[in-house]
Each structure stands twice: as C-alpha cells, then as structure tokens.
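# Notes for the structure review
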Amino acid sequence: MRFLMYSLDPAVPAPPDPQMLAELGTLTEDTKRAGVLLATGGLGMGSTRVRNAAGKLSVTDGPFTETKELTGGFALIEAKSKDEAIEWARRFRKIVGDGESIVQEVFGG
Amino acid sequence: MSASDTQGAIDAVWRIEAPRLIAGLTRIVRDIGLAEDLAQDALVAALEQWPSAGVPDNPAAWLMATAKHRAIDRLRRDQRLARKQEQLGRELEAEERMGPADLNAIGSDDDLLRLIFMSSHPVLSTDARVALTLRLLGGLTTDEIARAFLVPESTIAQRIVRAKKALADARVPFEVPRGEALTAQLASVLQVIYLVFNEGYAATAGDDWMRAGLCEDALRLGRVLAELAPNEPEVHGLVALMEVQASRARARVGPTGEPVLLLDQDRGQWDRLLIHRGLAALARAVSLGGPAGQYVLQAEIAAHHARAATAAETDWRAIADAYDALALVVPSAVVELNRAVAHGMAFGPRAGLALVDRLVDEPALKTYHLLPSVRGDLLVKLGRSAEARVEFERAASLTDNVRERTFLLRRPARAAEPGPPIVPLQ
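Residues numbered from 1 in each chain as written. Chains lettered and ligands numbered in written order. Predicted model: local features only at pLDDT ≥ 70, side-chain atom pairs only at ≥ 80, totals over all residues.

## Here's the deal with the overall build of chain B
In terms of regular secondary structure, chain B is built from 21 helices and 0 strands. Considering only residue pairs separated by 6 or more positions, chain B has 64% of its internal contacts joining residues 24 or more positions apart. (Helix = DSSP H or I, 4+ residues; strand = E, 2+ residues; numbered from the N terminus. Contact = placed C-beta atoms within 7 Å.)

## Regarding the packing of helix H13 (residues 233-247) of chain B against helix H14 (residues 272-287) of chain B
Residue and element names in this part refer to chain B. As a packed pair, H13 and H14 sit with axes 8 Å apart at the nearest point and diverge in direction by 160 degrees. Between H13 and H14, the crossing angle belongs to the class labelled roughly antiparallel. Considering how the two elements wind past one another, H13 and H14 form a crossing that is left-handed. Across from Pro233, His236, Gly237, Val239, Ala240, Glu243, Val244, Ala246 and Ser247 in H13, the residues of H14 making contact are Leu274, Ile275, Arg277, Gly278, Ala281, Leu282, Arg284 and Ala285. Its residues assigned to classes, the contact of H13 with H14 shows 10 nonpolar, 4 polar and 3 charged. (Axes fitted to C-alpha atoms, helices over the stretch in contact; angles between N-to-C directions. Parallel < 35°, antiparallel > 145°, perpendicular 65-115°, else oblique. Left-handed = near helix turned anticlockwise from the far one by under 90°. Nonpolar A, V, L, I, M, F, W, Y, C, P; charged D, E, K, R; others polar.)

## Re the environment of B:Thr155
Relative to the helices and strands, B:Thr155 is located in helix H10 (residues 153-169). In this structure, the C-alpha to C-alpha distance between B:Thr155 and B:Thr142, residues 13 residues apart in sequence, is 9.3 Å.

## Points about the interface of chain A and chain B
Tallying the contact residues gives 14 residues for chain A and 16 residues for chain B. Residue assignment for the side of chain A that touches chain B shows that the elements contributing at least two residues are helix H1 (18-33), strand S2 (37-42) and helix H2 (82-96) of chain A. A per-class count over the side of chain A that touches chain B returns 4 nonpolar, 3 polar and 7 charged.

## Points about the packing of helix H20 (residues 385-398) of chain B against helix H21 (residues 402-410) of chain B
All names here are of chain B. Relative orientation of the contacting elements H20 and H21 amounts to 170 degrees, with a least axis distance of 8 Å. One way to sum up the angle between H20 and H21 is to call them roughly antiparallel. In contact with Phe392, Ala395 and Ala396 of H20, H21 contributes Arg405, Leu408 and Leu409. Partitioned by chemical class, the residues of the contact of H20 with H21 number 5 nonpolar, no polar and 1 charged.

## Comments concerning the pairing of strand S3 (residues 48-53) of chain A
Residue and element names in this part refer to chain A. Summarising burial for S3: 0 of the 6 residues are buried, a small minority. With 6 bridges connecting them, S3 and strand S4 (residues 56-61) associate as antiparallel partners. Note that in S4 the partner of asparagine 52 across the bridge is leucine 57. (Buried ≥ 20, exposed ≤ 12 C-beta atoms within 10 Å, placed from the backbone. Pairing = 2+ DSSP bridges.)

## Focus on helix H19 (residues 370-381) of chain B
Owing to its 3.6 residues per turn, the α-helix brings residues three or four apart onto one side. All names here are of chain B. Look at H19: 17 Å from first C-alpha to last across 12 residues, which is about the 16 Å you get at 1.5 Å a residue. The element H19 is extensively covered by neighbouring structure, given that 11 of its 12 residues are classed as buried. Of all the positions in H19, only Leu370, Leu371, Pro372, Ser373, Val374, Arg375, Gly376, Asp377, Leu378, Leu379 and Val380 are classed as buried. Of the residues trailing H19, glycine 383 is marked for its positive phi of about 80 degrees. (Expected span 1.5 Å × (residues − 1).)

## Some thoughts on the nonpolar core
Residue and element names in this part refer to chain B. Ranked by internal contacts, the top residues of the largest apolar core, which has 130 residues, are Leu21, Ala39, Ile193 and Ala299. Of all the elements, helix H1 (residues 3-29) adds the most residues to this core, at 13 residues. Excluding residues within four positions of it along the chain, alanine 39 makes contact with Ala18, Leu21, Ile22, Leu25 and Ala67. (Core = buried A, V, L, I, M, F, W, Y, C linked by C-beta atoms within 7 Å.)

## Some points on the confidence of the model for chain B
Residue and element names in this part refer to chain B. Of the residues in chain B, 89% reach a pLDDT of 70 or more, and the chain-wide mean stands at 88. Every residue in residues 415-426 is under pLDDT 50, and counting partners more than four places away or in other chains gives 28 contacts. Interface confidence in the predicted complex, given as ipTM, is 0.86; pTM for the same model is 0.89. (pLDDT = per-residue confidence, 0-100.)

## A closer look at the environment of B:Val224
Structurally, B:Val224 is set in helix H12 (residues 209-228). What makes B:Val224 buried here is the crowd of 24 C-beta atoms within 10 Å. Residues B:Val224 and B:Leu113 lie 111 residues apart in sequence; the distance between their C-alpha atoms is 9.4 Å. In this structure B:Val224 touches A:Arg33, A:Ala34 and A:Gly35, once residues within four positions along its chain are discounted.

## As for helix H11 (residues 179-201) of chain B
With 23 residues, H11(B) ought to run about 33 Å at 1.5 Å a step, and its terminal C-alpha atoms sit 33 Å apart, in line with that. Turning to H11(B), its buried residues number three or more, namely B:Leu186, B:Val189, B:Leu190, B:Val192, B:Ile193, B:Tyr194, B:Val196, B:Phe197, B:Gly200 and B:Tyr201.

## Regarding the confidence of the model for chain A
Detailed reading of the predicted model is not advised wherever pLDDT is low. Per-residue confidence for chain A gives a mean pLDDT of 87, with 88% of residues at or over 70. Per-residue pLDDT, averaged within each element of chain A, yields its smallest value for strand S5 (residues 68-78) of chain A (81) and its largest for strand S6 (residues 100-106) of chain A (94).

## Description of unusual backbone geometry
The backbone of A:Ala54 shows a phi angle near 50 degrees, a positive value even though the residue is not glycine. With respect to the helices and strands, the residue A:Ala54 is situated in the loop between S3 and S4. Using a count of 4 C-beta atoms within 10 Å as the deciding quantity, one classes A:Ala54 as exposed. Of note, the phi angle at B:Arg30 is positive, near 60 degrees, even though the residue is not glycine. The partly exposed category is assigned to B:Arg30, around which 16 C-beta atoms lie within 10 Å.

## A word on the environment of B:Gly352
Residue and element names in this part refer to chain B. Residue placement: glycine 352 occurs in helix H18 (residues 349-357). Once the C-alpha coordinates of glycine 352 and threonine 367 are considered, the two residues, 15 residues apart in sequence, prove to be 20 Å apart. Once residues within four sequence positions are removed from consideration, glycine 352 is found in contact with Ala340, Val341, His343, Gly344 and Leu378.

Printed below as a string of structure tokens:
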C-alpha cells in the first residue's frame, strides 16, 4: 500500500535547527533501510494557486497567511498497512514538533 | 490513544522493528528459535503494557530491553540452559549492569544481514528458506504465509520449526559468508526473494490479497538488502528486475481478468515511478562493473521493454544480445525459448525458427505449451499456416488454463493477421 505524507503548518514556519535536521536525516535513512521510502522531496517556500471559478481561471502567488499550507516536504512510502504508515508519520512528527502531518493512501501510480 | 489505535501502533512497530530485534537477539543467544521466542515475549509484554502506559518514546529500544530481561529470567530459571549458555549469561548480566544505552541497542545492519543469510542458508530446503525468510524478515505471521502459499497453517508452522532445528543441528554460524561461500549463499538469498516475488506475481484476481502482497514483501526485502549490501551488483539487478516487473502489474490483466501479454499492454498504465526506480537500480548495478549476472541481465531485458514508448520501438537486437549472454550464464530450455523469440523479433522469423527447432526434442519442454505456441507464431510469419495450425492445436492441448486455450485455438483464424507474437517472457 502506498501513502503520501505531508505536513500542514502555518505558512511561515520557524527555521529548522541543526539538531532537528540531523534527526530528520536519520529518519529518512531509517525509511530507506526499512525498504519503505519510494520518493521524497523538499518543497519550495510559497506556493502558487491556479483557480477555476465558473470557467474563469486565475493565478495567485502565495504565501497565503490566512490558511495552512503544505510545508517542508513530502514522502511517498510503501507500507504494509495504514498503521505502519501512521507509525512513520508519528516518528516524523515527534522530531519536527507542533503541527499536523497528513497520511493519505495513494492509488494507481 | 484509544485501545484500537494502540493495537494498530503495536502491529506497526512490530512490522518495522521485528527483523532487527530478532537479528540483535540472535547475535546474543546464537539461536534463531530462542531469539524469536524472546522477541515474541517482548511483543506480548508490549500488548499488555502499552495500552495503559502508552507507546514508549523509543519502542524498538523498549522491545530489545524487555527481550533481554526475559533472556536473563529464562537463564536464571532454567539452570540447564544456563550451564549450556554460561558465557551468554555472563554477557547479558554484564550488559544489564552497563545500563540502558547498551542494553537497548537493537540489531545492527550487520546483524540483519547475518539473519538474512541464515534464513536462506543452503542447509535448508527452498520451501523452508522461503517460510523462514517471510516469518523472520518479512514480519509475516505463520497464518499469513500459509494463506499466501495456499497451504494449511500447520504445514508452514512445522516447516519453520524444522528449519530452526536444522540450522541449530548444522551449527550454522551467525555470520556474513566471505569469498566463494558469499557468492553461493547470496545466490540463495536472491533466489528466495525472487521466488516470493514470482509467487505474488502469479496471483490472480480471485486469490486472497495476501498472495499479491508477496510482490510488495519481496520488493521490500530486496530494497532492504540493497541498502545492506550496496556493492553487490546482483542485488541491485534483482531489485531492478522486480521494480520493472511490478511497474506492469496493472497493465498485465484485462478488464475481465484475462492476462494481457507484454507487447499488447497499454504502456500508459505502467507505473512510471517503479520504472524510474528500476532503471536507477539497474544503473547502479552496471556502475559496479564486472560481468553481468543473471539478475542484471534479466533486468536489462525488462528495462529495454520499459524504455520503449511503444511495442514497435522495442530494441530487439539489444534484447537478443542480453538473451545470448543470459543463456551462457544460466543455460536452460526456457531461456533458450525466450532467446528464440527475441532473435525472431530482431533478425526475422527464420532466425527465430532455427533456434526453436533445436528445442523440439528438449525433454524439459515436452509438455510446455509455449514451445508449440512460439513455433506456430513463427510459422505464421513465414506464411506456413497449415503447419502453424497444428502447432497452435498442440499448444492448446497442453494448457489447463481455459482462457489461454481459447486464445490459442483462435490463433489459426487470426493466422493471416499481422500482429505481435506470443512472447513468453514477461
């Protein structure tokens, strides 16, 4: 089973400290060594929204301070169960602190 | 967390940590059976304590420490075991005095690699290697393995008990082999993983989902092994082969569950991520140098198909070359038949037929329906329809698969149509 993991946090996150980065590096290694990590990547600051409202397309550049945004990065993992995916997300969240991580199953490919 | 969340968390922690836990314990107690018992004891303790106390911060360390305490308890209770394992008792007690840091150290990469080699050791039968590997390294329960392999649970349970005993009786050391032994034992490890993969790949729509899950289990084991043994080209070759084959999972079955042959598949349905991973693994294998082994060569063949945007763009000459090399590394009648198909595509039906005709008296292919089927296909291309019809009928009589038989019997009617051949290779 495939899962996408990402975080929703306020648009302007606190800069990560070196210890946190080191711990995240170890966690990424752990997911590789456990054979679960398929793909991962960091996300650039500020997103751009492409919206369709009644056929009228508009493009707006972020950051959007009023809402939460995808931040940091994402990971696509292949886990045996949803419980396993959640356990990896717990390990991630423990390191990065307050905020929310989302775990969602991915179909197809 | 609710009780069911905790239960889920325990399952997940077990799935992730069990292989290293068992590996670390095997290093200490030098007995795979005792190590697994201790790990199971720790799991039972977690099931008892975590729902009320919560999941510990470092669950792996908790499990390891608990298992080691159980080991000490057992040695104290069982004097006979203690005498036999006197050295071990002293080591464990010394570790206990050293404090949590050492006590909690879970199995290292080396330990895990040793456990992988031990589980696929040549003193065991192939069935036993598969069962033990899935149980200790795949984290599957006996019941799950039984369901996946369509055998009674008691059969798998017995197989695992006997395998552990056989390893103990043969005093198989807990170590990574070196030199020539490494080559032979690595081949055994790779064979077990690929066998698990193929068992999953052979699963059909009506099967228990556990069966198809074997592909993921095998891929995961392969990916783990690639991290542990990064300098072995064949390990990356096997991973590449499995990634590329898995990329076609959705395309190889039609809407009514019928198999769709490689050249007929909708390539838009191939999983690009797995292809990308497969090609990267193959590049890694090739960059390590040395003569290409059987998995690297098979991965190369799979990669040539994966790179072709359409079936017509397939580089058959390169595939024929790879089959020539494969036939030298692992000579077999089935490889020869595939080689004949590739030559037929690369150099014309006459070249293919010349190779197939050499196989007609091959005992290993006597009842193999793909031999007459391939031969019939080449005859069609040469305009020898009457002979082709005989071959297709013979092929149909040799397969038990109804769908396949229908397909083959329709072949003579289609004989005049140009089209892709029946390619046995996947």
